[in-house]
Amino acid sequence: MKRVYLDHIASTPLHPEVLEAMLPYLKGNFGNPQSLHSIGQEALGAVEEAREKVAQLIHAQASEVYFTSSGSESNNFALKGLALAQRDKGAHIVLSAVEHQSVLHSAKSLEKLGFSSSLVPVDKFGMVNPEDIKKAITPETVLVSVMLANSEVGTVQPVQEIAEVCRAADIIFHTDAVAAVGNVPVNVSELGVDALSLAGNQFYGPKGSAALFVKKGIRILPFIDGGIQEGGRRAGTEDVAAIVGLGKAAEISMRDMEKRAEAVRPLRDRLIQGLPQRVDHVFLTGHPEKRLPHHASFCIEFIEGEAMLLNLDMQGIAASSGSACTSKALKASHVLLAMGIDHALAQGSLVFSLIDDTTSEDIDYLLEAFPPVIERLRKMSPLYTKYLEEKEK
Amino acid sequence: MIYSEKVMEHFQNPRNVGVIKDADGVGQVGNPVCGDMMSFYIKVKDNRIADVKFQTFGCGAAIAVSSMVSEMAMGKTLEEAMKITNKSVAEELGGLPKNKLHCSNLGADALHKAIEDYLEKQKGIKKEKAEEAPVEKPAESEECTCPYCEGPLGELEGICGSCNLELEDCPECGKAKKKGAEDCPHCGATKVRV
């Protein structure tokens, strides 16, 4: 069976060159980078080389990069570490309504410690208006966090403008750039952000490899206590192989990012244009232009996402959905709801995110295989029957 | 795969999909807010279910459950069909993931509603138009799984029998949420403060 992987947002595959770079630290050098002996020092050299590469990818200093184990950890580290370090200044944080759960839930944890938070709404494209951030800021505000790109709808936020608002108000600004880094150019000084999260498995690096950028001079509390690793802010023996993999993935992204984006963008556009041509009542979610180059997301009316995913999987197509039934908590995507999409339509959410080996044939295959799936499920749907009856009247 | 072979088989080849235009009884349950909605149509002859059709908006489990319920009900007397329980449907399907058990509730409920609709019509107290009956509130909280630990909700109303978390009904969708919580894991209702 033909296999078509269109779930970049869940994880990219590991780049073969990344695997090659990691292998020596899985098979040969097992040293602890904090050991004084040469086996340890060799591992330390590899970790620091990787830090340099990750820093280059986002145009930061190596000393501003802290390795973590996931994008979620980076977001937890940022929200809690930055807010708590400024507890004496105030206890209010500002977030967008479409942030990743690791940001939203970190804010919830902070609420238990006496912080309060404001959720800034988004427009129908999932876009934050920097003016709304300005309005949400109070004299108590110590931190603003707005993501760079949304993984569910692909929308790229006006982070530079939001950073300006924060700078003018002298408030620290963090951006969750997990979906963006390695896929679109990210320059922390141009963006003007104080902290930024990134994760390796979004750009062909290994799972379990991630980092948090914290601008020099910005105070952040340690996230894991007990050791001198990561500047004393994230204790624990380093996952050397994962860190080396992250560094290599960063290096490859610097080299290939533009080429990759140029290759997937026309394929994505063909999907965005082709699907609504073949099926009615299919709506693009997220911003039509200001979106990740590999990202195509839709709501398909009258049917539910999980049923579509199962049918697509039977035909070898891997995608994802923000429908309530696909989440274990049976909760519809907060992102789609925040964009004003009603519950029933949000249930029909489907996300196709392309990877660097996605081919034109893959998109043809999807465009051929998907409409019959939609048709089959609509035939079963009471909502579709109701729609057809009303149309006849 | 999260589903049993039997569930997948029914999902791929659902039995009795469709609408019976001149149905003797119609039952509709669920709400797209919480994910699933089912409509059951029955024809009754000599106190037996002579034909049954369904339509479902929902996940793989919901579709498989509807199909299974329709197969189990076909040819049964009304009394026998009323005895089809959520549990027996889930068992026939070779089990369902814990957080999908509520789908099996909907299937049996929709069938029972169709039978009740038929019986009411027989009594001559037929409602205006069964198809236009208001969409039901989602299944009762005690029939659901705990949204936090995914364990089955016990008989003790308002407390999850598995993790002992105190629960209350979400004012928006009626399903169980953590007591005092500002958002509901089922319908996503959230207290947004700007």
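Everything quoted here is computed from the prediction, not taken from an experiment. (Residues numbered from 1 in each chain as written. Chains lettered and ligands numbered in written order. Predicted model: local features only at pLDDT ≥ 70, side-chain atom pairs only at ≥ 80, totals over all residues.)

## Notes on the overall build of chain A
In terms of helices and strands, chain A carries 13 helices and twelve strands. Each principal axis of the C-alpha atoms in chain A carries an extent, and together these give about 75 × 55 × 35 Å. Scored against the burial criterion, the 393 residues of chain A give a buried share of 56%. Counting only contacts in chain A whose residues sit at least 6 apart along the sequence, the fraction spanning at least 24 positions is 72%. (Helix = DSSP H or I, 4+ residues; strand = E, 2+ residues; numbered from the N terminus. Buried ≥ 20, exposed ≤ 12 C-beta atoms within 10 Å, placed from the backbone. Contact = placed C-beta atoms within 7 Å.)

## Thoughts on helix 12 (residues 360-380) of chain A
Here helix 12 of chain A spans 31 Å end to end across 21 residues, near enough to the 30 Å set by a 1.5 Å rise per residue. For helix 12 of chain A, the full list of buried residues reads Asp362, Ile363, Leu366, Phe370, Val373, Ile374, Leu377, Arg378 and Met380 of chain A. (Expected span 1.5 Å × (residues − 1).)

## Examining the sheet that holds strand 7 (residues 195-199) of chain A
Residues and elements named next belong to chain A. Pairing is mixed across the open sheet formed by seven strands, whose spatial order is 2-8-7-6-5-3-4. Two strands bound the open sheet, and with one partner strand each, they are strand 2 (65-68) and strand 4 (116-120). Pairwise comparison of adjacent strand axes, ignoring direction, gives a mean angle of 20 degrees for this sheet. Direction of pairing for strand 5 (residues 141-145) relative to strand 6 (residues 172-176): parallel, over a ladder of three bridges. In the sheet register, Val144 faces strand 6, and the bridge partner there is Phe173. Here helix 6 (residues 159-168) sits on the sheet in contact with strand 5 and strand 6, set at roughly 160 degrees to strand 6. (Pairing = 2+ DSSP bridges. Axes fitted to C-alpha atoms, helices over the stretch in contact; angles between N-to-C directions.)

## Notes on the nonpolar core
Here is a general trend for soluble globular proteins: nonpolar side chains tend to be buried in one another's company. Core analysis: the largest hydrophobic core is formed by 169 residues, its most contacted members being Ile58, Ile162, Ala211 and Phe213 of chain A together with Ile42, Val65 and Leu111 of chain B. With twelve residues, helix 8 (residues 240-278) of chain A is the single largest residue contributor to this core. Once residues lying within four places of it in the same chain are set aside, the contact partners of Ile58 of chain A are Val181, Val186, Asn187, Val188, Leu196, Leu198 and Phe213 of chain A. (Core = buried A, V, L, I, M, F, W, Y, C linked by C-beta atoms within 7 Å.)

## As for the pairing of strand 2 of chain A
Residues and elements named next belong to chain A. Neither face of strand 2 is exposed, since Val65 and Phe67 on one face and Tyr66 and Thr68 on the opposite face are all buried. Note that strand 2 and strand 8 (residues 210-214) share four bridges and pair antiparallel. Directly across from Val65, in strand 8, lies its bridge partner Phe213.

## What about the domain arrangement of chain A?
Residue and element names in this part refer to chain A. Domains assigned within chain A are domain 1 (4-10 + 257-392) and domain 2 (16-253). Computed from C-alpha atoms alone, the centre-to-centre distance between domain 1 and domain 2 is 29 Å. Of all the secondary structure elements, the ones that give two or more residues to the side of domain 1 that touches domain 2 are helix 8, strand 10 (295-300) and helix 10 (334-338). Among the residues forming the side of domain 1 that touches domain 2, the class breakdown is nine nonpolar, nine polar and two charged. (Domains from an automatic or database assignment. Nonpolar A, V, L, I, M, F, W, Y, C, P; charged D, E, K, R; others polar.)

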